[in-house]
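Survey of secondary and tertiary structure
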Amino acid sequence: MQGARTLSRAPLAALALLLACDLGSFESLSTDEATAGTDEVTLTARRFWSGYAAPEPEIAKLTADLEAILARAGGEQLTVGALEKGANANVGLDKTIDASEAAGILLVAEIDCKLDEIDKLVIATNQPELYPDVYDDYKRTYRSSYQDYLARRAESLRWETVNTVSYLSRQYRSILNGGSRYLPHGGPGGKPVILSRTWLTAPPVLLKGSEFEFKQDYQIEVYYELPNGRTRHFYGVWRELRMGSITAASSLYQTFFLGNLSDADKHAGVVCKSGTPKAKFD
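Reference entry: report on the structure contained in this document. Along every chain, residues carry numbers that run from 1 in the direction the sequence is written. Reporting in this predicted model follows two pLDDT cut-offs: at least 70 for local features of residues, and 80 or more for side-chain atom pairs to be given and counted; totals over whole chains, interfaces and linings ignore these cut-offs and use all residues. In computing side-chain properties, one takes all heavy atoms of the structure into account and sets aside hydrogens as well as water.

Let's shift gears to unusual backbone geometry. A negative phi angle characterises most non-glycine residues, just as the trans form characterises most peptide bonds. Between T276 and the following residue, P277, the backbone shows a cis peptide bond with an omega angle of -5 degrees. When you line up the elements, P277 lands in the segment after α8 (251–274). Phi at R152 is positive, roughly 65 degrees, even though this residue is not glycine. Secondary structure elements follow DSSP: runs of H or I of four or more residues count as helices, runs of E of two or more count as strands, with numbering from the N terminus. Inspection of the secondary structure puts R152 in the loop between α7 (146–150) and β5 (156–167). Judged by its relative accessible area of 34%, R152 falls in the partly exposed class. At E211, a residue that is not glycine, the phi angle is positive and equals roughly 55 degrees. By the element assignment, E211 lies in the loop between β8 (205–208) and β9 (212–225). Buried residues are those whose accessible area, probed at 1.4 Å on protein chains only, stays under 20% of the maximum for their type, while exposed residues exceed 50% and partly exposed ones sit between those limits.

Below is the structure:
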């Protein structure tokens, strides 16, 4: 993996754009090598994915010991085991799609934002403004009331995102379903927690280029505020993708993918501290 650090800036930036589902790409990328997470943290990530819609007391049980689990996890940028076959059935996908074929990674981070600030950034419709220089086209459409969600009259918000991304000589269009839940007593110590889940509804459409397959993408996020006023971000991603000889299981890909996630969280902290740009919801 040491050789990955000698790559020129242009290929690194282009590889970072492979993320391009709901986060940005940045000029300077963290390149810490991904390390293998524990079996315990793999099991925890799977439980959050499968239990996303579980009642609040069940979520509270999952988060109760999460800080201790993360302390034993093996690092901040991790590879984790695949989802179990059939784990995508809970989002209505065809059972013949084998979720266990998607390679798993996990980011464990702290964001320099309050939880309520993160909540707005996660659900905002102006993702290209918040995280610039990623999308050729982007549109998020709410499938439930964001007003009710932000006013805490509803615990969940659902949306659909359609985006178009270019990188290297390729361009593709994706459709993703996603959503967030705010649970006032679901976090560690009975405090608030936000869950967010995203998945591809079908393989993206390749508009330009070749040697490209993107079959599956599943993302689960957990956010809660720490005693230091920052927000814990637990972010699991399972992806089945191939671009030429690079796949989502490649250590090179995983290192820079996780680096992009890490830098996106740092960028979110900058947005929170500066107060600009503002999250928008229409």
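Attention shifts here to the pairing of strand β3 (residues 103–111). Among the nine residues of β3, eight are classified as buried, and the element is accordingly described as predominantly covered. As paired strands, β3 and strand β10 (residues 231–243) are joined by nine bridges and run antiparallel to one another. Pairing of L107 across the sheet is with Y235, part of β10. Strands qualify as paired when DSSP identifies two bridges or more between them.

Turning our eyes to something else, we now look at the nonpolar core. Counting residues in each nonpolar core, the largest one holds 32 residues, and the members touching the most others are V41, W49, Y218, V222, F234 and W238. At the level of elements, α2 (39–50), α4 (66–71), β2 (77–80), β3, β7 (193–200), β9 and β10 are the ones that each hand at least two residues to this core. What is meant by a nonpolar core is a set of buried Ala, Val, Leu, Ile, Met, Phe, Trp, Tyr and Cys residues, joined one to another through side-chain atoms within 4.5 Å.

Next up on the list: the packing of aromatic side chains. Geometrically, a pair of aromatic rings is defined through the distance of the ring centres and the angle of the planes. For Phe, Tyr and Trp, rings pair up if their centres lie within 6.5 Å, where Trp contributes its six-membered ring, and each pair is then called stacked (planes under 30 degrees apart), edge-to-face (over 60) or tilted (otherwise). Per the counting criterion, the structure on display carries nine aromatic pairs. Taken together, a centroid distance of 5.9 Å and an interplanar angle of 80 degrees make the contact between Y172 and F214 edge-to-face. You can see Y172 sitting in strand β6 (residues 170–183) and its partner F214 sitting in strand β9, a full 42 residues away along the chain. An identical accessibility class is assigned to Y172 and F214; each is buried. Every member of this aromatic cluster is reached through a ring pair, and the members are Y142, Y146 and F281. Here R152 stacks its cationic end above the ring of Y149, 5.4 Å away from the centre of that ring. Cation placement over rings: the criterion is NZ of Lys or CZ of Arg within 6 Å of the ring centroid and within 35° of the ring normal. Geometry around W49 places R197 over its ring, the cationic atom sitting 5.2 Å from the centre.

Below, the discussion takes up the environment of V271. Looking at where V271 falls in the secondary structure, it is placed in helix α8. Distance in space between the C-alpha atoms of V271 and L121 is 9.2 Å, their sequence separation being 150 residues. Here V271 is in contact with L121, L130, T276 and P277, once residues within four sequence places are set aside. Contacts: residue pairs with any heavy atoms within 4.5 Å of one another.

Turning our attention to the state of the cysteines. Sulfur atoms of two cysteines make up a disulfide when they are within 2.5 Å. Counted according to the given criterion, the structure contains one disulfide. Between C113 and C272 runs a disulfide, and the two sulfur atoms are separated by 2.0 Å. Note on the C113 and C272 pair: the S-S dihedral is about 105 degrees, so by sign convention the disulfide is right-handed. Taken together, the positions of C113 in the loop between β3 and α5 (115–123) and C272 in helix α8 put the pair 159 residues apart, joining distant regions of the chain.

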